Each structure stands twice: as C-alpha cells, then as structure tokens.
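# Structural characterization, general
What follows is each chain in one-letter form.
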Amino acid sequence: MKAMVLEGKKKIELKDIEKPTPGLNDVIVRIKATSICGTDLHLYQGLLPAKVPMVLGHEASGEITEVGANVKSAKVGEKVYIDPILTCGECRLCTIGRYNVCENRRVIGHDIAEGTFCEYVRVPETNVFAIPKTISFEEAALIETTSVAVHSVKRARIDLGDNVAILGAGPIGLLAIQAARIAGAGATIVTEIQPNRIKLADQLGADEVIDASQGDVEKKIMELTNGVGPDVVMEVIGRPDTVEQAIRLVRKGGRVVVVGLTTIPAKLEILLLTRRELEIIGSNAYMMKVERVGEMVGSGKINVKPLITHHMPLEKLPEALALLERNEGIKMMLKL
Ligand SMILES: [Zn+2]
Ligand SMILES: [Zn+2]
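Each value, and the rule that gives it
- Residues numbered from 1 in each chain as written.
- Chains lettered and ligands numbered in written order.
- Predicted model: local features only at pLDDT ≥ 70, side-chain atom pairs only at ≥ 80, totals over all residues.
- Heavy atoms only, no water.
- Buried < 20%, exposed > 50% of the residue type's maximum accessible area, 1.4 Å probe, protein only.
- Helix = DSSP H or I, 4+ residues; strand = E, 2+ residues; numbered from the N terminus.
- Pairing = 2+ DSSP bridges.
- Axes fitted to C-alpha atoms, helices over the stretch in contact; angles between N-to-C directions.
- Parallel < 35°, antiparallel > 145°, perpendicular 65-115°, else oblique.
- Contact = heavy atoms within 4.5 Å.
- Nonpolar A, V, L, I, M, F, W, Y, C, P; charged D, E, K, R; others polar.
- Donors = N, O, S within 2.8 Å, 3.2 Å for Na, K, Ca; no water.
- Phe/Tyr/Trp six-rings, centres within 6.5 Å; stacked < 30°, edge-to-face > 60°.
- Lys NZ or Arg CZ within 6 Å of the ring centre and 35° of its normal.
- Left-handed = near helix turned anticlockwise from the far one by under 90°.

## Some thoughts on the pairing of strand β1 (residues 2-8)
When you tally the buried positions in β1, you get five out of seven residues, the bulk of the element. Sheet topology note: the β1/strand β2 (residues 11-16) ladder contains six bridges and is antiparallel. Bridge pairing in β2 places L6 opposite I12. In sequence, β1 turns back onto β2 through a hairpin of two residues, with K10 there showing a positive phi of about 55 degrees.

Structure follows, in structure tokens:
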C-alpha cells in the first residue's frame, strides 16, 4: 500500500509498504481523509521524538475493508472515523475513568508507528465510530481534534454567563470558542495575531476578537470585563508568556486552563496564585467517548468545515507540512 514514511528529521517519503492485517478484535480502515495535527508537525521537525521509520497521522476517517474474527458490531463497508487513543482499561487511572492520562496510553501515529498518512490502518473495533450521515469524510476526520477542544472546555467548568478569554485561535482555539458558547459562556474574548484566524474566530461566533499584535491586549481584556478579568482564561497556544498572561488576566478565584503544549518553563508568581486563589488546570486529549462529539459535529452545533483551508492528495504531505511551518492555513486535509 501507499504510505508517507517519516525516515528522520524533516524527511518524509512516499513508499510502498505492507498492508496491515487485522488482529482478532481489530478492523482495517481504508483512509479517505486525514488531517495534519500540530503533533505531526513537531514529530516531523524533530521537536518530539519519533520512532522512525514510521507513518504519522492520527486524525482520520474512512471505510472498513476487513474485520478481525472476534469483531462484534463493526461491518465491512461501514464509514467510520477513528479515535486514535488506545488505553489499557486496567491501570489505576483507567479504573477511575481518567482514560486520557492512562499509564499505558498509546496513540496511533505517535507511540504506534502505523499512523493514518497511508492507505490502510489497523484500529481496534472499540476505536471506530460511524460517521453521522450529515457530514463528509473530511469533517469526520476532525472529530478527534474537536474532542480535544470539547474536553478543554469541560475542564474549564464554564458556568452559565461566565466570561471566557481564549488565547489563540488555531484549530483547537476555534473549536473551543464554539464549545464554550454551547457550555453557556457569556462573552467569548479571543486573542490572535494571524489575520486569517482573527477573521475565522469572528465568523465562528467569538464576541470579541482582539488583534494581539496591536496595542495593549491585557488592558483591552480588563476593559471588556469591567476591570474584573475573565472568569476563565484558556491558553491554546503553548507559549510560556501567554500562560503567564492567562494567570495575570483571570479574575480572583478564576480558572486558567492550559491546553497549548510547550517544553519551555513559565514563571509563576506564587502570590498571584494563593492571594487570588486561582486554579490552574491542565487539559490533555479527551476522556469522553468521541461519539458524543461526533454527534455535536453531525448536528452542526460545532462547525468544523471552515477550519479546512487546504485540500491535498496524500502525496503532498511534505508541502502541507511546509505550509504549516510558515503558519499558512489552518487545517490541511489530505485525501485518498
Ligand atoms: Zn491531533
Ligand atoms: Zn490505563
């Protein structure tokens, strides 16, 4: 089968590799659409360790072409999207329902070298879900990303009428705006520097979008919240300075949710935390059934379509990664 194989730092080649066969409880999915995640870019750039040679990719949808001997409900020909996170179900964290931080968590296309940037992928039956009839393969491929955003909003425990600031309008930020509104946010205030993302944040329902490249962002946010600060600030960029900014901005007793990833340490003024009684909450992947999120995308409550700025054939993966490196586009969708 055709596969885009990562061979080393910034080296991806189209190869002919062996097609996977299903284990007893697995299905084989013929990929139809697969999008590129920030994690794929980091693995490609060598910023995260990759088990080369490997096939990247974990956001995908397609059609089941084979099922293992013990598979109960999944059927050949079914159109599905993939939950790429495999959990053990047995460790202490799984047994208390914290699957997302399972001690033995493995992600397809990351810890597992057989990702979705190829023709066929092997997935346990429990990790595929029927695509709602109302959406395309492309939209279904983004249900995984949407789940990350929905989980982060759940972590924020938004109460009806809460003012929510979202720092960063990349894919997760743009989806978090929509999820926060569903969760009952009063005002959603977004900061972003890229013009195309500013436009999209506005289009997808943000109440206020602040161009963070102009003027004093913090002053503007304080004005918009009557000098009190937002009830919730979500950091969806992954930079130490914006994490510090989130902590400065949030109201007393408020919640800061950190979704962005960075290995660079941030400074924390401990007095801000104690005197202002803040909560700083991390958010990692998701721990609800992605099917719930699939329903929200299927019903149009969350609109993923405008995030797809580029459609390309699988072979164009290196070009798509280069565009992302230059911050062009939002979601790159590879089609097969
Ligand atoms: Zn992802
Ligand atoms: Zn576990």
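## Details of the packing of helix α1 (residues 38-45) against helix α11 (residues 317-325)
Describing two packed helices takes the angle between their axes plus the distance from one axis to the other. The interhelical angle for the contact between α1 and α11, taken along N-to-C directions, is 100 degrees, at an axis separation of 11 Å. Between α1 and α11, the crossing angle belongs to the class labelled roughly perpendicular. Here L41, Y44 and Q45 of α1 lie close against α11, whose contacting residues are L321, L324 and E325. Along the lines of polarity and charge, the residues of the contact of α1 with α11 split into four nonpolar, one polar and one charged.

## Remarks on the coordination of the zinc ion (ligand 2)
Taken together, the protein donors to the zinc ion (ligand 2) comprise C88 (SG), C91 (SG), C94 (SG) and C102 (SG), at separations of 2.3 to 2.4 Å. We note that the donor set of the zinc ion (ligand 2) lies within a single chain, spaced as C-x2-C-x2-C-x7-C. Here C88, found in the loop between β6 (85-86) and α2 (92-95), pairs with C102, found in the loop between α2 and β7 (106-107); they are 14 residues apart in sequence, far enough to count as distant. On the accessibility criterion, C88 (28% relative accessible area) is partly exposed.

## Side note on the packing of aromatic side chains
Per the stated rule, a full pass over the model turns up one aromatic pair. Over the aromatic face of Y120 sits the side chain of K19, whose NZ or CZ is 4.3 Å from the ring centroid. Over the aromatic face of Y120 sits the side chain of R30, whose NZ or CZ is 5.9 Å from the ring centroid.

## Here's the deal with the coordination of the zinc ion (ligand 1)
Looking at the zinc ion (ligand 1), one finds its protein donor set to be C37 (SG), H58 (NE2) and E59 (OE), positioned 2.1 to 2.6 Å from the metal centre. Expressed as a motif, the donor residue spacing for the zinc ion (ligand 1) is C-x20-H-E. Judged by its relative accessible area of 6%, H58 falls in the buried class.

## Re the packing of helix α7 (residues 217-224) against helix α8 (residues 240-249)
Close contact between α7 and α8 brings their axes to 11 Å; oriented N to C, the two are set at 30 degrees. Between α7 and α8, the angle falls in the class roughly parallel. For the crossing formed where α7 meets α8, the hand is right-handed. Residue-level contacts link V217, E218, I221 and M222 of α7 to Q245, R248 and L249 of α8. Split by residue class, the contact of α7 with α8 holds four nonpolar, one polar and two charged.

## Brief notes about the environment of M234
Positionally, M234 belongs in strand β13 (residues 232-235). Of the residues examined, M234 reaches a relative accessible area of 0% and is grouped as buried. Along the chain, M234 and I247 lie 13 residues apart, while their C-alpha atoms are 9.8 Å from each other. Leave out the neighbours within four places in its chain, and M234 touches S152, V153, V164, A165, I166, L167, V257 and V259.

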